[in-house]
Amino acid sequence: MRKLELHWQILIGMLLGILFGFLMTQVTWGKDFVGDWIQPFGTIFVKLLKLIAIPLILASLIKGISDLKDISKFRNIGVRTIIIYIATTVVAITIGLVLVNIIKPGEGISEETITKLTDTYASDSGVTSKMEEASRQKGAGPLKFLEDMVPDNALAAMTDNSLMLQVIFFAIFLGISMLLIGEKDAKPLKKFFDSLNDVVLKMVDLIMLSAPYAVFALLAGVVVSSSNPELLLALLKYAGVVVLGLALMIVFYSIVVSTFTRYNPLTFLSKMSPAQLLAFSTSSSAATLPVTMERVEEHIGVDKEVSSFVLPVGATINMDGTSLYQGVAAVFIAQALAFDLTLANQLTIVLTALLASIGSAAVPGAGMVMLVIVLESIGFPQDKLAIGLALIFAVDRPLDMCRTVVNVTGDATVAMMVAKSVGKLGKPKVKNWDDNYDKVK
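Within each chain, residues carry numbers counting from 1 in the order of the written sequence. Confidence filtering applies because this is a predicted model: local features only for residues at pLDDT of at least 70, side-chain atom pairs given and counted only at 80 or more, and all residues used for totals across whole chains, interfaces and linings. Calculated side-chain values reflect all of the structure's heavy atoms, with hydrogen atoms and water omitted.

K.L.:
Any details on the confidence of the model for the protein chain? Residues and values, ideally.
P.N.:
Fine structural detail should not be taken from predicted coordinates in areas where pLDDT scores are low. For every residue, the predictor reports its confidence as pLDDT, a number between 0 and 100. Of the residues in the protein chain, 96% reach a pLDDT of 70 or more, and the chain-wide mean stands at 89. Helical segments are the DSSP runs of H or I of at least four residues, strand segments are the runs of E of at least two, and each set is numbered from the N terminus. The weakest mean pLDDT in the protein chain belongs to helix 11 (residues 229–234) at 73; the strongest belongs to helix 12 (residues 236–261) at 96.

K.L.:
Can you lay out the packing of helix 15 (residues 304–317) against helix 20 (residues 396–421) for me, pointing to particular residues and giving the numbers?
P.N.:
Inter-axis angles, ranging from 0 to 180 degrees, are taken between N-to-C directions of lines fitted to C-alpha atoms, where helices are fitted over the stretch in contact. In contact at an axis separation of 9 Å, helix 15 and helix 20 are set at 145° when each is read in the N-to-C sense. For the pair helix 15 and helix 20, the sense of crossing is right-handed. Facing helix 15, whose interface residues are Val-306, Val-310, Leu-311, Gly-314 and Ala-315, helix 20 presents Asp-411, Ala-412, Val-414, Ala-415, Val-418 and Ala-419. Classification used: nonpolar for Ala, Val, Leu, Ile, Met, Phe, Trp, Tyr, Cys and Pro, charged for Asp, Glu, Lys and Arg, polar for all others including Gly. Here the residues of the contact of helix 15 with helix 20 sort into 9 nonpolar, 1 polar and 1 charged. Helix crossings get a hand from a simple test, with the near helix turned counterclockwise from the far one by less than a right angle marking a left-handed crossing and a clockwise turn marking a right-handed one. Contacts are assigned to residue pairs that have any heavy atoms within 4.5 Å of one another.

K.L.:
Now, about the environment of Gly-30: what can you tell me, with residues and values included?
P.N.:
Inspection of the secondary structure assignment puts Gly-30 in helix 2 (residues 30–68). Spatially, the C-alpha atoms of Gly-30 and Glu-133 are 34 Å apart, while their sequence positions differ by 103 residues.

K.L.:
Describe the packing of aromatic side chains, listing the residues and the values that go with them.
P.N.:
Ring pairs are drawn from Phe, Tyr and Trp, using the six-membered ring of Trp, whenever the two centres fall within 6.5 Å, and their geometry is named by plane angle: stacked under 30 degrees, edge-to-face over 60, tilted for the rest. Counting across every chain of the model gives 9 aromatic pairs. On the numbers, 5.4 Å between centres and 40° between planes, the contact of Phe-20 with Phe-216 is tilted. Placement of the pair is Phe-20 in helix 1 (residues 6–24) and Phe-216 in helix 10 (residues 211–224), with a sequence separation of 196 residues. Here the aromatic rings of Tyr-121 and Phe-393 are separated by 5.5 Å at their centres, their planes lie at 55°, and the arrangement is tilted. Pair noted here: Tyr-121 is in helix 4 (residues 111–121) and Phe-393 is in helix 19 (residues 385–393), with a separation of 272 residues, a long-range link. Over the ring of Tyr-325 we find Arg-403; its NZ or CZ atom is 3.8 Å from the centre of that ring. In this analysis the charged atom, NZ for Lys or CZ for Arg, is taken to sit over a ring once it is within 6 Å of the ring centre and within 35 degrees of the ring normal.

K.L.:
How would you summarise the nonpolar core if you had to cite specific residues and measurements?
P.N.:
Residues grouped as a nonpolar core are buried Ala, Val, Leu, Ile, Met, Phe, Trp, Tyr and Cys residues, joined through side-chain atoms within 4.5 Å. When accessible area is computed with a 1.4 Å probe and restricted to protein chains, residues below 20% of their type maximum are described as buried, those above 50% as exposed, and intermediate ones as partly exposed. Core analysis: the largest hydrophobic core is formed by 74 residues, its most contacted members being Phe-45, Ile-168, Met-208, Phe-268, Met-272, Phe-309 and Val-310. Looking at this core, the element that brings in the most residues is helix 2, giving 13 residues. Ignoring anything within four residues of it in the chain, the contact list for Phe-309 reads Leu-61, Phe-74, Ile-77, Gly-78, Thr-81 and Ile-172. The next biggest cluster of nonpolar side chains, apart from the first, holds 56 residues, and it includes Ile-109, Tyr-253, Ile-378 and Leu-399.

K.L.:
Let's hear about the side chain of Thr-292: which residues, and what values?
P.N.:
Position of Thr-292 relative to the elements: it lies in helix 14 (residues 285–300). What makes Thr-292 buried here is its relative accessible area of 2%. Those residues in contact with Thr-292, other than ones at most four positions away along the chain, are Met-272, Ala-275, Leu-311 and Val-408.

Printed below as a string of structure tokens:
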């Protein structure tokens, strides 16, 4: 009997998790049972992915740079990466703004629903914490994000996944320094990082063996902790606009992949589906990064010289799905609360969402923090900010799951484009977890 491919196993796990979670909501003890006995397995899986994220970035980026043997190649890769990421983010925000202005989901929200959502979520700790974090970020200087990129302690940066940019900076600095001391002197250190990279990728393969069971646990936990179904239904039109925009971004990526790299877009989506499904389940680009790198390198054929830089940077600064959501959410809130938006306001949304995405962490819920910054940039009344966030808080988690899929797909698309432009898109070389098992068993 032929074994099901990984993406089908994960998809079955997701569907069973949703069904099981729904069944558990029908019994009084269901939520506690899932929280105590099912969800911890999903949490362990996410922790394992986060555990290897920093070592993988460090090893693969240093290996990638040290393999270049020419700093100018790295400069070419870096400049192209940033330009393409900015371009795709602008496209995403524009798609979101066009859809929300055409469909106008905010005009269908009744005063009764607004009041109910406000009473339910305005004082929620999730909303207040996002506003406090946004206030802290907004109070920082214009070059604060550059300052935050440079660590004062490399080891401390490696202990915190939210400091991924600092790890990337250190890895680039170390990799370039290895190039400058010459191949002979750098060889012992290079061999260490080459070996570390292979070991961490093998850890990815081992962790992925439990992926179908982990997404079952994660999705069951999401379903039993979901908000009031009536409130979710009231926001269906808004959620539909966001999901439609995200779907159009996937179409955009497919067109780009097809025209620019001459790669079959259906094959591309099929190869990336395990990473996309995990992104949906975890709502975190950072947690999904090890799997994204494994799929792009081994299954699509992007050279490590490219993927080791493009993907970690993308997981940190490229948030196309989140940026699209910013545009839709900001205009939706303005429509629902009768706040008139001018053309200048909407252009401000594009610029602010673009800049906010660069400094935002690749963790669940970061989009809400960015949204506060975007709303404040267009002069949205401070006393209505909590109400605005409360309007969309009920559907934020499922939409966060969807937009993380787009973020990860965007990272992979840009990696392919950059690789193609520098002649580093080759044939896939798939490695399995048990390739050397016969030698050690």
